[in-house]
Amino acid sequence: MAKAPRRGPYICGIDAALDVVSGKWKGLILWELQAHGVRRFAELRRGLPGVSEKMLTQHLREMEEDGLVHREVYAEVPPRVEYSLTEDGRTLNEALSSLGAWGTDRMRREGLRTVEVAGTVEVPASMGG
């Protein structure tokens, strides 16, 4: 059963924003779609090491309901489904870029490791790359 769309009430704008990006994978899905534009499900899954099929499906559905991700289904055999960011998804990514830059600085300061992902694209520093 699908959850009802998030509608508040909220304490502040940060509360409302965090409501739509809560969960380990949503920010990474936004990043992956920003970096690559359009992605098929299997491409997203390969770009997010450790995400289960169930969790990726759940997050993509929630993000589609929240207007962050567009899902395009092509009438082909076998069926082809592609995901991309909506305008709201792109503006949310822009808003998260400062957080990404902060995280990148923290990783450098603390000497924290990153995960190697096959087929990644260099992301501009403004996006936390």
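As a starting point, this report considers the structure included with it. These numbers come from a predicted model, not from an experiment.

## Details of the packing of helix 2 (residues 26-36) against helix 5 (residues 87-110)
No. 1: Where helix 2 meets helix 5, the closest approach of the two axes is 10 Å, and the angle between their N-to-C directions is 105°. As far as their axial angle goes, helix 5 and helix 2 are roughly perpendicular. For the pair helix 2 and helix 5, the contacting residues are Leu30, Trp31 and Gln34 in the first and Gly89, Arg90, Leu92, Asn93 and Leu96 in the second.
No. 2: Counted by class, the contact of helix 2 with helix 5 contains four nonpolar, three polar and one charged residues.

## Digging into the pattern of salt bridges
No. 1: Applying the stated rule across the entire model yields seven salt bridges.
No. 2: A salt bridge links Arg90 to Glu87; the nearest nitrogen and oxygen atoms lie 3.2 Å apart. One end of the pair is Arg90 and the other is Glu87, both in helix 5 and three residues apart, which spans about a single turn.
No. 3: With relative accessibility at 48%, the residue Glu87 sits in the partly exposed group.
No. 4: Residues participating in the shared-partner salt-bridge network are Glu76, Arg80 and Glu82.

## A few points about the environment of Tyr10
No. 1: By secondary structure assignment, the location of Tyr10 is in the segment before helix 1 (13-21).
No. 2: Beyond its immediate sequence surroundings of up to four residues, Tyr10 is in contact with Asp15, Ala16 and Asp19.

Rules behind the numbers
Residues numbered from 1 in each chain as written. Predicted model: local features only at pLDDT ≥ 70, side-chain atom pairs only at ≥ 80, totals over all residues. Heavy atoms only, no water. Axes fitted to C-alpha atoms, helices over the stretch in contact; angles between N-to-C directions. Helix = DSSP H or I, 4+ residues; strand = E, 2+ residues; numbered from the N terminus. Parallel < 35°, antiparallel > 145°, perpendicular 65-115°, else oblique. Contact = heavy atoms within 4.5 Å. Nonpolar A, V, L, I, M, F, W, Y, C, P; charged D, E, K, R; others polar. Salt bridge = Lys/Arg side-chain N within 4 Å of Asp/Glu carboxyl O. Buried < 20%, exposed > 50% of the residue type's maximum accessible area, 1.4 Å probe, protein only.

So, to be careful, I would describe these as geometric facts and stop short of saying anything about function.
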